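# Report on the structure
This is what each chain is made of:
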Amino acid sequence: TTLALLVLDSASVRHRPEDDDAMFVRQGDDYVVAHSAMADGRFAVAKPAHGLRVFVLGGSTAMGTPYAQQRNGMGDELMGLLAVPNEGGIATWLHEILADMLDDRLVEVVNVARGGQGSAAALQTLLRVIEVGDPDLVVLLAGNNERDRAEYTYLADPGNPPRPLDEILVEQTEAWTANLGAMVDAADAASVPFA
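Since the structure is predicted, the reported quantities are computational estimates derived from the model, not experimental observations. (Residues numbered from 1 in each chain as written. Predicted model: local features only at pLDDT ≥ 70, side-chain atom pairs only at ≥ 80, totals over all residues. Heavy atoms only, no water.)

### Focus: the packing of aromatic side chains
Inspection of the entire model under this criterion finds 3 aromatic pairs. With centroids separated by 5.2 Å and ring planes inclined at 90 degrees, the aromatic side chains of Phe43 and Phe55 adopt a geometry described as edge-to-face. Of this pair, Phe43 sits in strand E3 (residues 42-44) while Phe55 sits in strand E4 (residues 51-58), and the two are 12 residues apart along the sequence. Given the relative accessible area of 0%, Phe55 is considered buried. Through successive ring pairs, a cluster of aromatic residues spans Phe24, Tyr31, Phe43 and Phe55. (Phe/Tyr/Trp six-rings, centres within 6.5 Å; stacked < 30°, edge-to-face > 60°. Helix = DSSP H or I, 4+ residues; strand = E, 2+ residues; numbered from the N terminus. Buried < 20%, exposed > 50% of the residue type's maximum accessible area, 1.4 Å probe, protein only.)

Written out as C-alpha cells, the structure is:
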C-alpha cells in the first residue's frame, strides 16, 4: 500500500501531454519539475539568502545518467525507490565543483534539461526558469538535438522524398541562431548570467 501511495503521489505532479506548459508545479514551499521529459527535481520558491542557484538546460546530454531521474512510468518509479545512483552529468559535476569552491554558500544546481529537445524547448524552459526560479546562473548544454523532426516523416511515407541536405542545414542553423539569440536576450533582460 505504501509503495502504491508513493507512486501515485509523485505521478500526480508529472506532465500530462495535454498540458505542455506545465514545467514546474508549485507544491507548498517548492516547485516540482513536472514535465515528463525533464529530469526529476525540485527547488524552493524562496531561494536562501546565502544560496547560489544554477539551472542546467539542454537535452539528454545535459540530463546526465541514469535517465531514471526522468519519471515516465511505474518502472522509473521503482528504480527511483531502489536508489539507482546518479552516475553524473553536468549538473552533478557543477554542483560538486561549485560547492567545493564556494563552501560558504548553499549551492543548488537544478537540472531542467528535456530529453530529445532542441533549442526551441530550451528557450521555453529558460523563460519559465527566469519567471519562477530566481536563477543566479543558467548553463546551456545543447546543440545535438537541432533537427527538423518533419524531415523524418519521409521514412514513414516513401512517396514523400527528403529535401536537400544543404537546405535543411541552413534552416536548422538559422533556427539555432535565433533561439540562442533569444535566450541571451532573455537572460540579459533579467540580469541573469547565461553560459
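### Here we look at unusual backbone geometry
Positive phi outside glycine occurs at Asp134, with the angle close to 50 degrees. Inspection of the secondary structure puts Asp134 in the loop between helix H5 (119-132) and strand E6 (137-141). Owing to a relative accessible area of 41%, Asp134 belongs among the partly exposed residues under this scheme. Backbone geometry places Ser191, a non-glycine residue, at a positive phi of 55 degrees. Turning to its location among the elements, Ser191 is positioned in the segment after helix H6 (165-189).

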